[in-house]
Every structure is written in structure tokens, then in C-alpha cells.
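Analysis of the macromolecular model
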Amino acid sequence: MDFIAENLLTILILLPVLGAISVIGHQMFWKQDAHLKWVTLFWALLNFVLSLFLVLEKGGASASGFFFEKNVPWIRAINTNYHVGVDGLSLWLVVLTTFIMPIAILSTWHAVEKRHAAFYAFLLLLESAMIGVFCSLDLLVFYLFFEASLVPMFFLIGIWGGENRIYAAVKFFIYTALGSLLMLVAIIGLYYLHASATGVGTFDYVTLLNSLKSGALPIPRETGIILFLAFALAFSIKVPLFPFHTWLPDAHTEAPTAGSVILAAVLLKMGTYGLMRFNFALFPEASRELAWIFIILAIVGIIYGALVAMVQPDIKRLVAYSSVAHMGFVMLGMFSFTEMGMQGALYQMLNHGISTGALFLLVGFIYERRHTRAITEYGGLASVMPVYTTIFVLTTMSSIGLPFLNGFVGEFLTMVGMWTSEAIPHPWIATMFAGTGVIFAAVYLLWMVQRVFFGKLTNPKNKRLTDLSWREIGLIAPLVFLMVFMGVYPAPFLNRSREAVVAIEERLTRQAGGTIEHAEVSPKKEANSLPPAH
């Protein structure tokens, strides 16, 4: 057990890689395609079970504020270390990743018709890369995992996607890869800036942050803005933030169901996580100076995504545009620079992964039966698929933000945090504009539900549709449970992330010397803070 505790994050990163190797080996020696999904599911479930040790950890963090930290030399010539660790900011994102993967694998049970071994191997390699992104505390290692996540998703879309899969896959890859190259330039720039200031170049996040806070690494205002923008562009494309969102609807629409679920639940969160972890901590002055731009773009994304979703004729494409709107709320809460707003943003990341992931699963269920996602092809499904209709409506309410469901908590905290923000003048105006997104979400989602599920059953092809199987109910049940549980009792999630969020807030709102530590809430910020929950 001591070995597992000391190397837990490394195990979580490497187990999916071993799983991918076993899948390929099984295919080479036994050539039984039907067994591959069971092998893949075993490795994904094992990783999820092990990831629960992250949640159960009650001990203290290391001096740098991270749990399960591992820091060993990797490439000595450039002073790069294999440095991983988690805190309240990354903990739940790692668990979300390991939780979603078995569900995504089960969703493909009867959907994969070709190259089974490659499909399941890419899923497992994608899981490894995503976990690596959320755990990495060395900028070069982070970049490598960030880029590595593109390759499996590119092939998942390009080989097993829909009719326009090649176009969608290439567009996804070009957008995200080009943005990431600028981040690499900024990472190298930080390395040389640290070498110039201290005599030792480093990619280590904690070392860079300590040097910045102690004044050992002074960064001129113009340089800080350039570096901030280089990081922010890569992360904004990944979110995606308006106007860098155009790759997302195509990728979602053409991706197989498992790809859409993972893309919505986890991959998009790599962008918002990167902004909170690196942009806010390393460049607080530039973050404050440019916050108004990101707040405006977030509001535009909320309203634009909702309005475009409203006119979509394809259910999956409608859900894809809803992601643009929902991720706009995440960006809004982050750039409020208040504890309540950033807690709401982090909570909304989890909510979006669960609710929108569930919507893509449900769209996949009906597509497997009818092989169409056109809203006009349906109508009156409630009379032949009552269980499916009930779960779909509940998931829709979660996505809208109905009280007592998870979406309400995230959106409420985000908007209250923005209302009390000092990042921009008159923040109430921004909050009110963003609030229209909640209204629009009710319009486009409920209108879609009304057209698909209610009214007369006019299409004879729909009369023979079967309701959800026990496998499909078991697949969606954990997500439905979390929608309700997180809406009724958010305290366990908010309490674990509070310390890390407060540390970011302190970094953004005041300059202090000394080394990195997770700060306590100052009395004058108490009005913008969440009280401890039990």
C-alpha cells in the first residue's frame, strides 16, 4: 500500500498505457474482437477504483501544497523533472476522467464495427494523456501530455466518426495544435527568463511560482502580457472560448458517442484548468489587466452559443453549441477573481462533464436505433420510450440549471461571484447579460424536448423503437445519481477545492513575498467567500 500511495499518480497515468498494450497484444495473439471491450473495461474500472484513493486522502499536503507529489529528475541537461501532484483544483478533474472512461467504453458496446483493437487502445491512451495533463507540475511535461491528448482524439474522430469525419478531425487538430505551439514558445521563454534572473533555467511550476512570489524572477509588464496571451490562446481554443469555438460543433457532431462524451466531459476542461493553474498563478498582473476582454468574450459565447443552439436541426449539434454557452459560464466565474465565482466555475466544469456527457450518451442511444439525429424525424417518443424520455428530461433540467440539480449550484455561484467581482467596473451588468443565457438555455433545450418527445407519434419508423435496455439504464444511472447528489449536497466537492481556489484568489488580488502556500481567507474577502460546509 505504501508503494501505491507514493506512486499513485504515476500508476494512474501508466495503467491505461499498459491496458492499451494488453489490448493490442490480445488482438495479435487471440484475435477475439468480442473480448477487447471487456479487457478495456477492466483497465478503466481498475484505474477508477485506484483514483478514489485521491478522494480518501486525509493527510496533509506537501510544502508546495500538493498531494501525492512525485518529483524526480527526467532530462538533467535542461533541468526537466517528472513532477506530478494534485490539489483541490485538479483532484476532481482526475476523478472525473477516470469516472467517465468506463461509461464511455460501455457506450461503445455495440457501436464499434471496425478496427476494434485500435479503437479501444486509443481510448486508453487518451485517458493516460488527460490524467497527465491534470497532474503535471513541470511545464514541459504538461505540454507533452497536452499535445499527446490530441492524437488519440484525432484518430477516434477521423476513423470512427460520421460522414464528414476527416474534415472535423483535421480542423480539430489544426486549431488545437497551432494554439499549443505558441504556448510552447512561452514555456521556453519562461525557462530562459528564469535562467537569466537566477542563473538556473527551469520548467518546474512550483519553482517558477516561488521565484515570482519572492521577486527573484521579475517579469516586465509587456513581457508578462505576451506570455499570458500565448498561454491563454492555447487554453481558449481548448475551452473553446468565442471566437475560437468553430472546431467544436464539427468535432462533436462527427465523433463517435464515446468521443463526444470524453470531449465534453474532460477535454474541454483542460483549457479552463490551464487558465486557472498557469495563467492566473504565473501572470496575475496580466490576468487582472486583461480580465475585461475574457469576461466580454465569455458573455458573447454564452449568448451566441445559446442562440445558435436554438436553430439547430440536429440534436447532437444542438448539444454541442450548448457546450459553448456552458463553458462561457465557467470562464465568467474564473475571471470574476472571487472565491465564490471560481468555486462556481470549478463546480460547473464537473457539472458540464456529467450533464452534457449524459446528453451525448442519450443522443447516442437514439442514434443507434434510428441512425438519424434530425429533430424533425422524431416526435411523440414519450409514448414508446417512457424511461428514455424521463431520463432525457431530467438531464435537460440539469443542463438548464433547475434547483436541486447540479447545474443550479454552479451557475448560481458563478453569477453571485461575478456580481460581487472587482475585476471590472459595474460587474452587475455583466452578470445580468450572462443571466440571459440561462433563459435561452431553457428555450432551446425545452423546445427540443417538446419536438422530440411530446405531441403525436407521426413517424411510423418510431413506433417500433424499444425503450432503454438494462445495460443502457445502468450506464446512465451513475450520471443521473450525480446530477441529483451534487445539486442537493455540493459540500464535499466545494470543501476539497476551497483551499486551492483561495490560494489562486490571494495570488490574483494581492502581491506577497515568500514561497507558495495555500492561503487562508482574509476578513475583508469574507463577503465574497463561501462559508465552510459540513
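Residues numbered from 1 in each chain as written. Predicted model: local features only at pLDDT ≥ 70, side-chain atom pairs only at ≥ 80, totals over all residues. Heavy atoms only, no water.

**Description of the overall build of the chain**
Check the secondary structure of the chain and you find 21 helices and 2 strands. Taken against the 2.2 N^0.38 rule, which gives 24 Å for 534 residues, the C-alpha radius of gyration of the chain at 22 Å falls within 12% of a compact globule. Over its C-alpha atoms, taken along the principal directions, the chain stretches across nearly 75 × 60 × 45 Å. Across the 534 residues in the chain, those meeting the buried criterion constitute 61%. (Helix = DSSP H or I, 4+ residues; strand = E, 2+ residues; numbered from the N terminus. Rg over C-alpha atoms; globule rule 2.2 N^0.38 Å. Buried < 20%, exposed > 50% of the residue type's maximum accessible area, 1.4 Å probe, protein only.)

**Some details on the side chain of Thr253**
For Thr253, the location among the structural elements is in helix α11 (residues 247–254). Classification of Thr253 by relative accessible area gives buried; the value is 8%. The contacts of Thr253, once residues within four sequence positions are left out, are Lys316, Arg317 and Arg373. (Contact = heavy atoms within 4.5 Å.)

**A word on helix α8 (residues 165–198)**
An ideal rise of 1.5 Å per residue puts 50 Å on 34 residues; α8 measures up with 49 Å between its terminal C-alpha atoms. A positive phi of about 90° marks Gly199, the residue just after α8. (Expected span 1.5 Å × (residues − 1).)

**Describing the pairing of strand β2 (residues 80–86)**
The element β2 is extensively covered by neighbouring structure, given that 7 of its 7 residues are classed as buried. Residues Thr80, Tyr82, Val84 and Val86 line one face of β2 and the alternating positions Asn81, His83 and Gly85 line the opposite face, and both faces are buried. Turn length for the strand β1 (residues 67–75)-β2 hairpin, with the two strands adjacent in sequence and antiparallel, is 4 residues, and the turn residue Asn79 shows positive phi of about 60°. (Pairing = 2+ DSSP bridges.)

**Side note on the pattern of salt bridges**
Going through the model one piece at a time under the given rule, you end up with 9 salt bridges. Arg373 serves as the salt-bridge partner of Asp314, at 3.5 Å between the closest nitrogen and oxygen. Within this pair, whereas Asp314 is found in the loop between α14 (284–310) and α15 (315–334), its partner Arg373 is found in the loop between α16 (339–370) and α17 (386–400), the two being separated by 59 residues in sequence. The exposure classification of Asp314 matches that of Arg373, with both residues buried. Between Glu377 and Arg370 there is a salt bridge, and its shortest N-O distance comes to 3.0 Å. If you follow the salt bridges from partner to partner, you end up with Lys171, Asp250 and Arg317 in one network. (Salt bridge = Lys/Arg side-chain N within 4 Å of Asp/Glu carboxyl O.)

**Here's the deal with the pairing of β1**
Summarising the sheet, β1 and β2 pair through 6 bridges and their orientation is antiparallel. Considered in β2, the bridge of Pro73 is made with Asn81.

**Things to note about the environment of Gly379**
Structurally, Gly379 is set in the loop between α16 and α17. Remark: the alpha-carbon pair of Gly379 and Phe454, spanning 75 residues in sequence, is separated by 5.9 Å. Not counting residues up to four positions away in its chain, the partners in contact with Gly379 are Arg451, Val452, Phe454, Lys456, Leu457, Thr458 and Asn462.

**Description of the nonpolar core**
Core analysis: the biggest nonpolar cluster contains 191 residues, and Phe231, Leu282, Met334, Phe335 and Leu479 have the highest contact counts within it. The element best represented in this core is α16, accounting for 16 residues. For Leu282, the residues in contact, after removing those within four places along its chain, are Leu139, Leu190, Tyr205, Leu208, Leu209, Leu212 and Arg507. (Core = buried A, V, L, I, M, F, W, Y, C linked by side-chain atoms within 4.5 Å.)

**A closer look at the environment of His194**
Looking at the secondary structure, you find His194 in helix α8. Put simply, His194 and Thr207 are 13 residues apart on the chain and 9.5 Å apart in space, counted from C-alpha to C-alpha. Every residue in contact with His194, bar those within four places of it in the chain, is listed here: Gly199, Val200, Gly201, Thr202, Thr207, Leu208, Ser211 and Leu217. Reaching out from His194, the side chain makes a polar contact with the side chain of Ser211 at a distance of 2.8 Å. (Polar contact = N/O pair within 3.5 Å; in protein donor to acceptor, adjacent residues only side chain to side chain.)

**A short note on the packing of α14 against helix α19 (residues 427–453)**
The angle between the axes and the distance between the axes are what describe a pair of packed helices. At a minimum axis separation of 9 Å, α14 and α19 run at an interaxial angle of 20°. When the axis of α14 is compared with that of α19, the two are roughly parallel. For the pair α14 and α19, the crossing hand works out as left-handed. Of the residues in α19, those in contact with Ile295, Ile299, Ile302, Ile303, Ala306, Leu307, Ala309 and Met310 of α14 are Ala430, Phe433, Ala434, Thr436, Gly437, Phe440, Val443, Tyr444 and Trp447. (Axes fitted to C-alpha atoms, helices over the stretch in contact; angles between N-to-C directions. Parallel < 35°, antiparallel > 145°, perpendicular 65-115°, else oblique. Left-handed = near helix turned anticlockwise from the far one by under 90°.)

**Remarks on the side chain of Ser398**
Assignment of secondary structure puts Ser398 in helix α17. For Ser398, a relative accessible area of 1% translates into the label buried. Polar contacts involving the side chain of Ser398 include one to the side chain of Ser355, which spans 2.6 Å. Those residues in contact with Ser398 that sit more than four places away from it in its chain are Ser355, Leu405, Asn406, Gly407 and Met483.

**Some remarks on the packing of α11 against helix α12 (residues 257–267)**
Contact pair α11 / α12: the axes reach a minimum separation of 7 Å and the direction vectors enclose 140°. Viewed along their axes, α11 and α12 adopt a mutual orientation that is oblique. Judged by residue contacts, Trp247, Leu248, Ala251 and His252 of α11 engage Ser260, Leu263 and Ala264 from α12. Counted by class, the contact of α11 with α12 contains 5 nonpolar, 2 polar and no charged residues. (Nonpolar A, V, L, I, M, F, W, Y, C, P; charged D, E, K, R; others polar.)

**Brief notes about the packing of aromatic side chains**
Inspection of the entire model under this criterion finds 37 aromatic pairs. Taken together, a centroid distance of 6.5 Å and an interplanar angle of 75° make the contact between Phe66 and Tyr205 edge-to-face. Of this pair, Phe66 sits in the loop between α3 (33–56) and β1 while Tyr205 sits in helix α9 (residues 205–214), placing them 139 residues apart in sequence. A relative accessible area of 2% means that Phe66 is categorised as buried. On the basis of relative accessible area, Tyr205 is assigned to the buried category, the value being 4%. Here the aromatic rings of Phe485 and Tyr489 are separated by 5.9 Å at their centres, their planes lie at 85°, and the arrangement is edge-to-face. Of the residues examined, Tyr489 reaches a relative accessible area of 35% and is grouped as partly exposed. A cation over an aromatic ring shows up here: Lys238 above the ring of Phe146, its NZ or CZ 4.9 Å from the ring centre. The aromatic ring of Trp447 is capped on one face by Arg451, whose charged end is 3.7 Å from the ring centroid. (Phe/Tyr/Trp six-rings, centres within 6.5 Å; stacked < 30°, edge-to-face > 60°. Lys NZ or Arg CZ within 6 Å of the ring centre and 35° of its normal.)

**Observations concerning a nonpolar patch on the surface**
A contiguous nonpolar surface patch, about 590 Å² in accessible area, is contributed by Phe404, Phe481, Val484, Phe485, Val488 and Tyr489. Tracing the backbone through its elements, the reader meets Phe485 in helix α20 (residues 470–488). (Patch = residues over 30% accessible without salt bridge, like charges linked within 9 Å, V, L, I, M, F, W, Y side chains within 5 Å. Areas by Shrake-Rupley, 256 points an atom, 1.4 Å probe, with all protein chains shown as cover.)

What is shown is where atoms sit, not what they do.
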